[in-house]
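In case you want the letters, here they are:
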Number of protein chains: 2
Amino acid sequence: MSLLAVGTVAFDALETPFGKAEKVIGGSATYITLAASYFAPKVNLVAVVGYDFTPEHVNTFRQHGIDVEGLQVRQDKKSFFWAGRYHNDMNTRDTLVTELNVLEDFDPVIPESYQDCQVLMLGNLTPSIQATVIHRLKNRPQLVVMDTMNLWISIAFEELKQVLGLVDVLSINDEEARQLTREYSLRLAARRLLEMGPKYVIIKKGEHGALLFSQDKVFFAPALPLEEVFDPTGAGDSFAGGFTGYLARTGDFSFENMKRAVIYGSAMASFCVEKFGPERIMGLSYSEIEERAAQFHELVRIV
Amino acid sequence: MSLLAVGTVAFDALETPFGKAEKVIGGSATYITLAASYFAPKVNLVAVVGYDFTPEHVNTFRQHGIDVEGLQVRQDKKSFFWAGRYHNDMNTRDTLVTELNVLEDFDPVIPESYQDCQVLMLGNLTPSIQATVIHRLKNRPQLVVMDTMNLWISIAFEELKQVLGLVDVLSINDEEARQLTREYSLRLAARRLLEMGPKYVIIKKGEHGALLFSQDKVFFAPALPLEEVFDPTGAGDSFAGGFTGYLARTGDFSFENMKRAVIYGSAMASFCVEKFGPERIMGLSYSEIEERAAQFHELVRIV
């Protein structure tokens, strides 16, 4: 099955207690497509970049077999730029700079060759752009997954609720789930979110793992206790890429198979944080990924 | 096998966002022995209380088949008293009152009939009292497990390190593990703790589950995503009681069996937080406990 990923492709400047990176490729769609490329037979990208995004940068995607026909390159503006600094605990960060640039008037165009995609992953973007993408697909994909962020919960709550009514799976972190539902208990928060439309809700808890909820079932995937977290940027998007990539590979959207997909998503996130930016999720081998996934199974296994 | 639990028996005044309890039985040894009583063939208690601790209070233990020969009742002092208030997130609390009373000069006396215990659970107490208990047992128990708290890390670090050298298993929460080792990564913290003596380290992460480490293995037990946490008091001690009780029941101290013990400990902790004080862990049926443990297995199960 083919996967269509829509989101941001950006440049990030990152600062963590372990060092600095001045300008690395980032953005939700970057992490999603790179992570998904190890699983999905075909990965299609819809995003926008500016004149500072060179053909060499585009090659990063091509080298992973990602279709870039839907990557718009604007010659009049710069790419989206984000700079952030992580605190010592690596769980909180300050945004230092946000330059929207090409994102200010992003109009997602879906190439004809992408129209047959079976899995759609809506990375973090304004809810109205996410809705536009769904409406521009002639046939609804078999599975629509979305991510979001605290900013849209604060400033575009109504639009966000409308998109929630259109998707099958919501992937969200614990703080966002609490903010969106005003429930502290994640179990109650998940119930509220399921009432808003999605059939499945994934609540990501960072270093504490992830929960997958359906109306009547719950599954918990641990996070690997890592010795070092180098840079958490993109972990959630790598999770989404591994999750949707695995589902596109298997074509099985049952709850049981989603559990496996959550493990692969968690494995991709665990790789992501080991180096700056998306470096670690470029050039992985599939056997490395299988080995990592096996560690997740081993971690909770009782014989 | 018989289990000997040493710790505090106290009165607690509790305040949570859900209500208040003026004076309930509390203390580490209370939660440990009550939780262990569902598993261990014999549970022996060593602790001290004051003249305000009535025969009716003592009956709480007797009704659970707990041997109270080692419970000293002082007629000249009041029982240890602690009052605390939980914040809205239920993860942080303020201590409002600490009255040591009988604890000021507690001298743990081990009755002759307790000398043959195979499993020793040292609940939270000053490290020097914990060491005294170990030295007063003529034969070393087959398994010695200890808990501790942030206060002793701050004011009795050297004594604490000495006790660590005498035990098999350390049960500690994540913040204490970080404080004790100055490592943020729990994996590195566990390694440092294992270097200090224990063969096994359990790091409790509250609503995020628990990790069991040996020199070369790691196991993760999730926490059940509960709809409501009513009162977290005693959760860690209930965990310790379920853990050591199960080990005393089975007599198998292998890493594989400790995994199962961690699940039973987690199950007891999940019951504990559902009501004020130890109310919920009194009067449970073993089938309720088995059902709860099965939920933990189900939560991470992939078929």
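Now for a look at the structure at hand. Predicted model, so just to flag it, every value in this text is computed and none were measured.

On to the overall build of chain A, then. Along its length, chain A carries ten helices and 13 strands. For 303 residues, the compact-globule formula gives about 19 Å, and the C-alpha radius of gyration of chain A, at 18 Å, lands near that figure. Out of the 303 residues in chain A, the part that is buried amounts to 49%. Put simply, 69% of the contacts in chain A that link residues at least 6 apart link residues at least 24 apart.

All names here are of chain A. Across the sheet, four strands lie side by side as E3-E2-E6-E7; this open sheet has mixed pairing. Unpaired on one side and paired on the other, strand E3 (19-26) and strand E7 (93-99) mark the two borders of the sheet. Each strand axis lies, on average, 15° off the axis of its neighbour in the sheet, ignoring direction. Relative to strand E6 (residues 80-86), strand E2 (residues 10-16) runs parallel, the two being bridged by six bridges. Looking across to E6, one finds that alanine 10 is bridged to phenylalanine 80.

So, about the sheet that holds strand E7 (residues 93-99) of chain B. Across a sheet, paired strands are connected by hydrogen bonds in the backbone, their directions being either parallel or antiparallel. All names here are of chain B. Strand order in this open sheet of four strands is E3-E2-E6-E7, and the pairing throughout is mixed. Because the sheet does not close on itself, it has two edges, and the strands there are strand E3 (19-26) and E7. With strand direction ignored, the average angle separating the axes of adjacent strands in the sheet is 15°. The sheet contact formed by strand E2 (residues 10-16) and E3 spans six bridges and is antiparallel. Bridging across to E3, glutamate 15 finds its partner in lysine 20.

When chain A is brought onto chain B, the operation consists of a screw motion whose angular component is 180° and whose axial shift is 0.0 Å, with 0.0 Å RMSD remaining. Put plainly, the chains are arranged around a two-fold axis. In terms of C-alpha distance to the rotation axis, chain A has A:His208 as its closest residue, with the C-alpha 3.0 Å off the axis. Here 100% of the contact residues of chain A are again contact residues in chain B; the copies associate through an equivalent surface.

Residue-level contacts link 24 residues of chain A with 24 residues of chain B. When residues of the side of chain A that touches chain B are traced back to their parent elements, those giving at least two are helix H7 (186-195), strand E13 (218-221), helix H9 (255-272) and helix H10 (286-300) of chain A. Within the side of chain A that touches chain B, the residues separate by chemical class into 14 nonpolar, two polar and eight charged.

With that settled, the discussion passes to unusual backbone geometry. As a rule of thumb, non-glycine residues mostly have phi less than zero, and peptide bonds are mostly trans rather than cis. Residue and element names in this part refer to chain A. Located in the positive-phi region is asparagine 101, a residue other than glycine, with phi close to 50°. Summarising the element assignment, asparagine 101 is placed in the loop between E7 and strand E8 (119-122). For asparagine 101, a count of 20 C-beta atoms within 10 Å puts it in the buried group.

All names here are of chain A. Its location among the elements puts histidine 64 in the loop between helix H2 (55-62) and strand E5 (66-73). Along the primary structure histidine 64 and serine 37 are separated by 27 residues, whereas in three dimensions their C-alpha atoms are 6.2 Å apart. Setting aside residues no more than four positions away along its own chain, histidine 64 makes contact with Leu34 and Ser37.

Here we take up the packing of H9(A) against H10(A). Each pair of packed helices can be described by the angle between their axes along with the distance between the axes. Residues and elements named next belong to chain A. Packing of H9 against H10 brings their axes to within 9 Å, and their N-to-C directions diverge by 110°. In terms of orientation, H9 lies roughly perpendicular with respect to H10. With respect to the hand of their crossing, H9 and H10 are arranged in right-handed fashion. Taken together, the residues of H10 that come into contact with H9 (itself represented by Ile263, Tyr264, Ser266, Ala267, Ser270 and Phe271) are Ile289, Arg292, Ala293 and Phe296. Looking at the contact of H9 with H10 residue by residue, the classes come out as seven nonpolar, two polar and one charged.

All names here are of chain B. Taken together, the buried positions of helix H6 (residues 174-181) are Glu176, Ala177, Leu180 and Thr181. Looking down the long axis of H6, one finds its buried residues gathered within 115° of arc, a one-sided arrangement. Backbone geometry just downstream of H6 places arginine 182 in the positive-phi region, at approximately 60°.

So, on to the environment of B:Asp105. Along the chain, the position of B:Asp105 falls in the loop between E7 and strand E8 (119-122). Judged by the 9 C-beta atoms lying within 10 Å of it, B:Asp105 is exposed.

We now examine the packing of helix H3 (residues 127-136) of chain A against helix H5 (residues 157-164) of chain A. Residues and elements named next belong to chain A. Close contact between H3 and H5 brings their axes to 8 Å; oriented N to C, the two are set at 30°. Overall, the two elements H3 and H5 adopt an arrangement that is roughly parallel. As H3 runs across H5, the sense of the crossing is left-handed. Contacts from Pro127, Ser128, Gln130 and Ala131 of H3 reach H5 at Glu159, Leu160, Gln162 and Val163. Considering only residue class, the contact of H3 with H5 consists of four nonpolar, three polar and one charged.

With that out of the way, let us pick up the environment of A:Thr250. Within the secondary structure, A:Thr250 sits in helix H8 (residues 235-250). Assessed through the 16 C-beta atoms surrounding it within 10 Å, A:Thr250 is described here as partly exposed.

The rules behind the values
- Residues numbered from 1 in each chain as written.
- Chains lettered and ligands numbered in written order.
- Predicted model: local features only at pLDDT ≥ 70, side-chain atom pairs only at ≥ 80, totals over all residues.
- Helix = DSSP H or I, 4+ residues; strand = E, 2+ residues; numbered from the N terminus.
- Rg over C-alpha atoms; globule rule 2.2 N^0.38 Å.
- Buried ≥ 20, exposed ≤ 12 C-beta atoms within 10 Å, placed from the backbone.
- Contact = placed C-beta atoms within 7 Å.
- Pairing = 2+ DSSP bridges.
- Axes fitted to C-alpha atoms, helices over the stretch in contact; angles between N-to-C directions.
- Least-squares fit on C-alpha atoms with pLDDT ≥ 70 in both.
- Nonpolar A, V, L, I, M, F, W, Y, C, P; charged D, E, K, R; others polar.
- Parallel < 35°, antiparallel > 145°, perpendicular 65-115°, else oblique.
- Left-handed = near helix turned anticlockwise from the far one by under 90°.
- Arc of directions from axis to C-beta.

As far as function goes, none of this settles anything; it's purely spatial.
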